[in-house]
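The residues making up each chain are set out below.
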Amino acid sequence: MSNTSFFDEQKEQSLIKARIVEKYFWAWSQVIIGTIKRLESEGREVDSRIAYIDLFAGPGRYKDGSKSTPIKVLETAISNPDMQNRLVTVFNDVDAENVSSLHEAINLIPGIEDFKYKPQVVNHEVGENIVNTFNERKLVPTLFFVDPWGYKGLSLKLINSVVKNWGCDCIFFFNYNRINMGLGNAVVKEHMNALFGEIRADQVRQQLKTLKPEERELTVVEAICEALKEMGGEHVLPFRFKHENGKRTSHHLIFVSKHVKGYAIMKDIMAKESSEQNQGVPSFEYNPATYRQPLLFEFYRPLDDLEQMLLDTFAGRTITMQDIYNQHNVGRRYISKNYKDALKNLEAKGNITTDPPVNKRRKNKGETTFADSVKVTFSPKQ
């Protein structure tokens, strides 16, 4: 699909999306490089390279001069000597004009010549050939970004062809409106089946027939997340973007990883980029209207819900804060700070006891801390 106006001006949502990718790329690369260095120091034979691949890269800059994701990623990497010597980048776009523009924008980056591996800019259509190429290779640790205009080329096979290997994570754009319409369109049935898997796609088509709009969205996003998990992407995290009027969803950015460490890092990044919080619990949503409209979220108190879930789940057990978080947070939008706040509330109410207790723990800016190592004993179920 061609969209000649998309790169005229960078929208607020595009800026947030690029920032999430840029932040995760930096955090991911530091974890992976640190692991590679440790293996090297132990005398282990290991490939020293890491990679960033963007299959729908665009022209590099918007017409208003704003930088798009490829340029931001390269600028992030260029300031770090480890990345200069280890990072391999591949940028693809099916549009030859975008490829030419991106190539020019990359060459204008100050210090771009310092990279050991020159950025590759290629011009291919994303399809079975690329999937087969990735499947046949054992990839170095790779952050894979897939941001198509709609859904052509986006498939479970494509995502799995990358995340199958160690250190490989994927972030992809999920255009909810186009996919919602596509599920009922026989003309694009093949693309929908590639994205969800044929059996699941048929199940979703049946479910959507009787659902209200808000239920349709939850069903569609849940289906793609479940498909990714079944494929082996154990940790899946969606982040929703609303249209500028704040009333309808524009798209989701979905993160896929096989490792809980990547999940935890991305969760913190998405939490900080959320446009609203309720009781400190992030929405995992960017809604431009949030800053212009009053909120009525106190009708729903998510931290109170977390407190009750913890009492039910860990009744009669003694367990550290870190283990509580690790065992309970996956698949939920609570971050580490939310668990600590909930446990402090339960402690104040006498529902739990702690070791060390509140009067033995240090204070930070007048507030008692709750370290990851604190042991929590929950009362038995009544």
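The following refers to the structure shown. (Residues numbered from 1 in each chain as written. Predicted model: local features only at pLDDT ≥ 70, side-chain atom pairs only at ≥ 80, totals over all residues. Heavy atoms only, no water.)

Side note on the sheet that holds strand S4 (residues 142-146)
Next up, step 1: Reading across from one edge, S3-S2-S1-S4-S5-S7-S6-S10 is the order of the 8 strands in this open sheet, with mixed pairing throughout. The open sheet has two edge strands, strand S3 (120-122) and strand S10 (285-286), and neither has a second partner.
Next up, step 2: Taken together, the 5 bridges between strand S5 (residues 169-174) and strand S7 (residues 249-257) define a ladder with antiparallel strand orientation. For Phe174, the partnering residue across the bridge sits in S7 and is His252.
Next up, step 3: Where helix H1 (residues 12-41) meets the sheet, its contacts fall on strand S1 (50-54), strand S2 (87-92), S4, S5, strand S6 (235-242), S7 and S10, and the angle it forms with S1 comes to roughly 160°.
Next up, step 4: Against the sheet, helix H2 (residues 69-78) contacts S1, S2 and S4, and its axis sits at roughly 170° relative to S2. (Pairing = 2+ DSSP bridges. Helix = DSSP H or I, 4+ residues; strand = E, 2+ residues; numbered from the N terminus. Contact = heavy atoms within 4.5 Å. Axes fitted to C-alpha atoms, helices over the stretch in contact; angles between N-to-C directions.)

Here's the deal with the sheet that holds strand S15 (residues 375-378)
Next up, step 1: Taken in spatial order, the 3 strands of this open sheet run S11-S15-S12, and their pairing is antiparallel. Two strands lie at the open edges of the sheet, namely strand S11 (318-320) and strand S12 (352-355), each paired on one side alone. Direction aside, neighbouring strands of the sheet carry axes that sit 25° apart on average.
Next up, step 2: In the packing of helix H14 (residues 336-349) onto the sheet, the strands contacted are S12 and S15, and the crossing angle to S12 comes to about 110°.

Things to note about the pattern of salt bridges
Next up, step 1: One pass over the structure, following the stated rule, counts 18 salt bridges.
Next up, step 2: A salt bridge links Lys17 to Asp147, with the shortest nitrogen-to-oxygen separation between them at 3.0 Å. Highlighted residues: Lys17 in helix H1 and Asp147 in the loop between S4 and helix H6 (156-163), separated in sequence by 130 residues. Considered together, Lys17 and Asp147 belong to a single accessibility category, that of buried residues.
Next up, step 3: Where Lys344 meets Glu367, a salt bridge forms, and the shortest distance between an N and an O atom there is 2.8 Å. Pair noted here: Lys344 is in helix H14 and Glu367 is in strand S14 (residues 367-368), with a separation of 23 residues, a long-range link.
Next up, step 4: Taking relative accessible area as the criterion, Glu367 reaches 47% and is therefore assigned partly exposed.
Next up, step 5: A single network of salt bridges, built from pairs that share partners, joins Arg19, Lys23 and Glu273. (Salt bridge = Lys/Arg side-chain N within 4 Å of Asp/Glu carboxyl O. Buried < 20%, exposed > 50% of the residue type's maximum accessible area, 1.4 Å probe, protein only.)

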